[in-house]
Amino acid sequence: MEDDIKGKVFKLKDLVGFQEESIVSRTIVDRPEGTITLFAFDEGQALSEHSAPYDALVTVVEGRLEVKLGGKPNEMHAGESIIMPAGVPHALRALSQAKMLLVMVRGS
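Summary of the structure given here. All values reported here derive from a predicted model rather than from experimental measurement. (Residues numbered from 1 in each chain as written. Predicted model: local features only at pLDDT ≥ 70, side-chain atom pairs only at ≥ 80, totals over all residues. Heavy atoms only, no water.)

### Considerations on the pairing of strand S6 (residues 72-77)
Spelled out, the test is: Should DSSP find at least two bridges between two strands, the strands are taken to pair. Per the convention used, a helix needs a DSSP run of H or I reaching at least four residues, while a strand needs a run of E reaching at least two, with both numbered from the N terminus.
Both strand S5 (residues 64-69) and S6 contribute to a ladder of 6 bridges, which runs antiparallel. The residue of S6 that forms the bridge with Glu-66 is Glu-75. Between S5 and S6, which follow one another and run antiparallel, lie 2 residues, and Gly-70 among them has a positive phi close to 60°.

### Some remarks on the sheet that holds strand S1 (residues 23-31)
Stated precisely, the cut-off is as follows: Helix axes use the C-alpha atoms of the stretch in contact, all axes being lines fitted to C-alpha atoms, and the angles between their N-to-C directions lie in the range 0 to 180 degrees.
Taken in spatial order, the 5 strands make up an open sheet running S1-S2-S9-S4-S7, and their pairing is antiparallel. The sheet is open, and its two borders are formed by S1 and strand S7 (81-84), each paired with just one other strand. Direction aside, neighbouring strands of the sheet carry axes that sit 20° apart on average. Inspection of the sheet shows S1 paired to strand S2 (residues 34-41) by 8 bridges, in the antiparallel sense. Residue pairing for S2: Val-29 is matched across the bridge by Ile-36.

### A few points about the nonpolar core
Defined as follows: Residues belong to a common nonpolar core when they are buried Ala, Val, Leu, Ile, Met, Phe, Trp, Tyr or Cys residues joined through side-chain atoms within 4.5 Å. For every residue, the accessible area obtained with a 1.4 Å probe (protein chains only) is divided by the maximum for its type, and the residue is called buried under 20%, exposed over 50%, and partly exposed between those limits. Throughout, a residue-residue contact means that at least one pair of heavy atoms, one from each residue, lies within 4.5 Å.
By size, the foremost hydrophobic cluster in this structure holds 17 residues, and its most contacted members are Leu-65, Val-67, Met-84, Met-100 and Leu-102. Where this core is concerned, the elements lending two or more residues are S2, strand S4 (56-62), S5, S7, strand S8 (90-94) and strand S9 (98-105). For Leu-102, the residues in contact, after removing those within four places along its chain, are Thr-35, Ile-36, Thr-37, Phe-39, Ala-56, Leu-57, Val-58 and Met-84. Val-16, Ile-28, Leu-38 and Ala-40 belong to the second largest nonpolar core, which has 8 residues in total.

### Comments concerning the packing of aromatic side chains
Rules: Aromatic rings from Phe, Tyr and Trp, taking only the six-membered ring of Trp, are treated as a pair when their centres fall within 6.5 Å; an angle between ring planes under 30 degrees marks them as stacked, one over 60 as edge-to-face, and anything in between as tilted. Two limits define a charge over a ring: the Lys NZ or Arg CZ must be within 6 Å of the ring centre, and within 35 degrees of the ring normal.
Taken as a whole and judged by the stated rule, the model has 1 aromatic pair. Positioned above the aromatic ring of Phe-18 is the side chain of Lys-99, whose terminal nitrogen or guanidinium carbon lies 4.9 Å from the ring centre.

### Regarding the side chain of Thr-37
Within the secondary structure, Thr-37 sits in strand S2. Thr-37 gets classed as buried once you look at its relative accessible area, which sits at 9%. Other than its neighbours up to four places away in sequence, Thr-37 contacts Ser-25, Arg-26, Thr-27, Ile-28, Met-100, Leu-101 and Leu-102.

### Some points on the pattern of salt bridges
Filter applied, for reference: Think of a salt bridge as a Lys or Arg side-chain nitrogen and an Asp or Glu carboxyl oxygen that are within 4 Å of each other.
Scanning the entire structure with this criterion turns up 4 salt bridges. Between Arg-64 and Glu-75 there is a salt bridge whose closest N-O contact spans 3.0 Å. With Arg-64 in strand S5 and Glu-75 in strand S6, this pair connects stretches of sequence that are 11 residues apart. Given a relative accessible area of 30%, Arg-64 falls into the partly exposed group. Glu-75 gets classed as partly exposed once you look at its relative accessible area, which sits at 46%. A salt bridge links Glu-66 to Arg-93, with the shortest nitrogen-to-oxygen separation between them at 3.6 Å. In this pair, Glu-66 sits in strand S5 while Arg-93 sits in strand S8, placing the two residues 27 residues apart along the sequence.

Encoded structure:
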């Protein structure tokens with residue numbers, strides 16, 4: 001999927017649009033070493049609590065998200081980031097329409 005933007009200047013927020021009562025995602029990079037995925041959440045949409053075997057970086061591109069990490073809620077705004085450590089339960093909920101970039105790095 002990333003071939004159409006490789007070597008070109010782009011705005012993350014323009015790569016995925018909002019859909020009513022939905023979460024939309026677009027994988028930008030998908031490699032054995034990791035993935036980069038952009039998500040668009042309609043207000044109130046959420047990802048239920050889960051954990052991943054790898055560290056992940058979340059950056060809010062637009063709007064506001066609540067990122068619950070290890071049971072602790074963190075309200076995040078555009079331009080802010082958080083690292084979710086491997087194995088720590090986390091959940092996300094859109095406090096407004098929001099877009100986020102998820103960078104997952106695989107490996108030990």
